[in-house]
Every structure is written in C-alpha cells, then in structure tokens.
Amino acid sequence: MTTDLPQKSAPTGSITQAAAGALITAVHAAAARIGFTAAVAVTDQGGHLLAFDRADGAPFLTAEVALDKAWTAASFHTPTHVWNGYLADPQVAPLAGHPRLTAVGGGYPITDDGRCVGGLGVSGGSYQQDQQAAEEALSALGFELPA
C-alpha cells in the first residue's frame, strides 16, 4: 500500500491589478486612435471582474457587454469571435441560450506563459474595432494572442 497522497490543489495564476489597469489604458488609447469610445472589462482567470472602465460617451449597454465578453473569453480560454462558428454546430448550439455567453468579437483570454490568467472584454465600436483594440492592447503589454 502506498502512502503517497494526491496533490490537493493546482497552482493558479491571475492577472495583476496593475496589469489589468495597464490593459484598460492601452485599450482606451487604441480605441481613441481607431475612433470609438469603449467600455473595458478585465476578469481574473475564473471570470470574476477585476477591473473596469467605461469612457465618457460610451453607451451604457457597453458595460454589460464588455464584462460578458471578458467572462466568455476567460471561461473557455477562447476569443469571443470564434463562438459564431461553434454555435453553428447543432451539438453546441444550446449554449447560445446561456445568458452570459457572448459570441461577438472583442473578448480575448489573457494568456501569459501559456496559461490563461484572465479575460479581456472590449465593447463600444463595431466587433472589428473592439477586436482590434483588444489585440493592440494585449500585444502592447506582451500578452500572447491566440493563433
């Protein structure tokens, strides 16, 4: 009989508050350059809100959408824009009814050293503008972008 016990917990990592704030600043800079105002949400790896900001003039609905994009991205470690393709599959389509699942571009997992450490959600422009601002901010801070 072995006395080896299984590992009881797994190491987890989360984006820091400082990095979350820097991402928000980088998104707002990219959005201003692109030509829109945005709400930006950053979650930890469990999809819980860590940092948020909505620019003056950004519609109020963008706040909820940004948070749901960040949650969706962190939940599955997948950008939100790929969900339209997933939901076309009848075996996955029932997830479309989940109230937080957001299949609109602008949400990205925040990946550092191969691990998802959070989620980023950007809302306020077109889905292409939201995606572009998110990608620029993630790249500017040295986070990995999905292939």
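Note: the structure precedes this text.
Heads up: these notes are all about the structure in this document. No experiment lies behind these values; they were computed from the predicted model shown.

1. Describing the overall build of the protein chain
Logical step 1: Looking only at helices and strands, one finds four helices and four strands in the protein chain.
Logical step 2: Secondary structure elements in the protein chain, listed N-terminal to C-terminal, are α-β-β-α-α-β-β-α.
Logical step 3: Of the side chains in the protein chain, 6 bear a positive and 13 a negative charge, and the two mean positions are spaced by 4 Å.

2. Some thoughts on the environment of Gln129
Logical step 1: Its location among the elements puts Gln129 in helix 4 (residues 127–140).
Logical step 2: Along the sequence, Gln129 and Gly105 sit 24 residues apart, while their C-alpha atoms lie 8.6 Å from each other.
Logical step 3: When near neighbours in sequence (up to four residues on either side) are disregarded, Gln129 contacts Ile34 and Phe36.

3. Some remarks on the pattern of salt bridges
Logical step 1: Summed over the entire model, instances satisfying the criterion amount to three salt bridges.
Logical step 2: Where Glu136 meets Arg33, a salt bridge forms, and the shortest distance between an N and an O atom there is 2.3 Å. In this pair, Glu136 sits in helix 4 while Arg33 sits in helix 1 (residues 17–34), placing the two residues 103 residues apart along the sequence.
Logical step 3: Here Arg100 and Asp68 are joined by a salt bridge, their closest N and O atoms 3.1 Å apart. Residue Arg100 is located in the loop between helix 3 (83–87) and strand 3 (107–112), and its partner Asp68 is located in helix 2 (residues 61–76); the two are separated by 32 residues in the primary sequence.
Logical step 4: Classification of Arg100 by relative accessible area gives partly exposed; the value is 26%.

4. Some remarks on the sheet that holds strand 1 (residues 39–44)
Logical step 1: In space, the four strands of this open sheet follow the order 2-1-4-3, with antiparallel pairing throughout. With partners counted over all chains shown, the strands left at the sheet margins are strand 2 (49–54) and strand 3, one partner each. On average, each strand axis in the sheet is tilted by 15° relative to the strand beside it, whichever way the strands run.
Logical step 2: The pairing of strand 3 with strand 4 (residues 115–123) spans six bridges and is antiparallel. Opposite Gly107, over in strand 4, you have Gly121 as the bridge partner.
Logical step 3: The strands that helix 1 touches are strand 1, strand 2, strand 3 and strand 4; relative to strand 2, the one it contacts most, it runs at about 25°.
Logical step 4: Along the sheet face, helix 2 touches strand 1, strand 2, strand 3 and strand 4 and points at about 155° away from the line of strand 4.

5. Comments concerning the packing of aromatic side chains
Logical step 1: Considering all chains together, one arrives at two aromatic pairs under this definition.
Logical step 2: When the ring of Phe76 is compared with that of Trp83, the centres are 4.9 Å apart and the planes differ by 65°; the resulting orientation is edge-to-face.
Logical step 3: Owing to a relative accessible area of 42%, Phe76 belongs among the partly exposed residues under this scheme.
Logical step 4: Relative to Tyr86, the ring of Trp83 lies with its centre 5.2 Å away and its plane at 85°, an arrangement referred to as edge-to-face. Here Tyr86 and Trp83 lie together in helix 3, a separation of three residues that amounts to about one turn.
Logical step 5: On the accessibility criterion, Trp83 (3% relative accessible area) is buried.

6. Focus on the pairing of strand 3
Logical step 1: In terms of burial, strand 3 is largely enclosed, as five of its six residues are buried.
Logical step 2: The hairpin turn running from strand 3 into strand 4, its antiparallel successor, is two residues long, and Asp113 in that turn takes a positive phi close to 55°.

Analysis parameters
Residues numbered from 1 in each chain as written. Predicted model: local features only at pLDDT ≥ 70, side-chain atom pairs only at ≥ 80, totals over all residues. Heavy atoms only, no water. Helix = DSSP H or I, 4+ residues; strand = E, 2+ residues; numbered from the N terminus. Lys, Arg positive; Asp, Glu negative; His and termini not counted. Charge placed at Lys NZ, Arg CZ, Asp CG, Glu CD. Contact = heavy atoms within 4.5 Å. Salt bridge = Lys/Arg side-chain N within 4 Å of Asp/Glu carboxyl O. Buried < 20%, exposed > 50% of the residue type's maximum accessible area, 1.4 Å probe, protein only. Pairing = 2+ DSSP bridges. Axes fitted to C-alpha atoms, helices over the stretch in contact; angles between N-to-C directions. Phe/Tyr/Trp six-rings, centres within 6.5 Å; stacked < 30°, edge-to-face > 60°.

So yeah, pure geometry; function would need other evidence.
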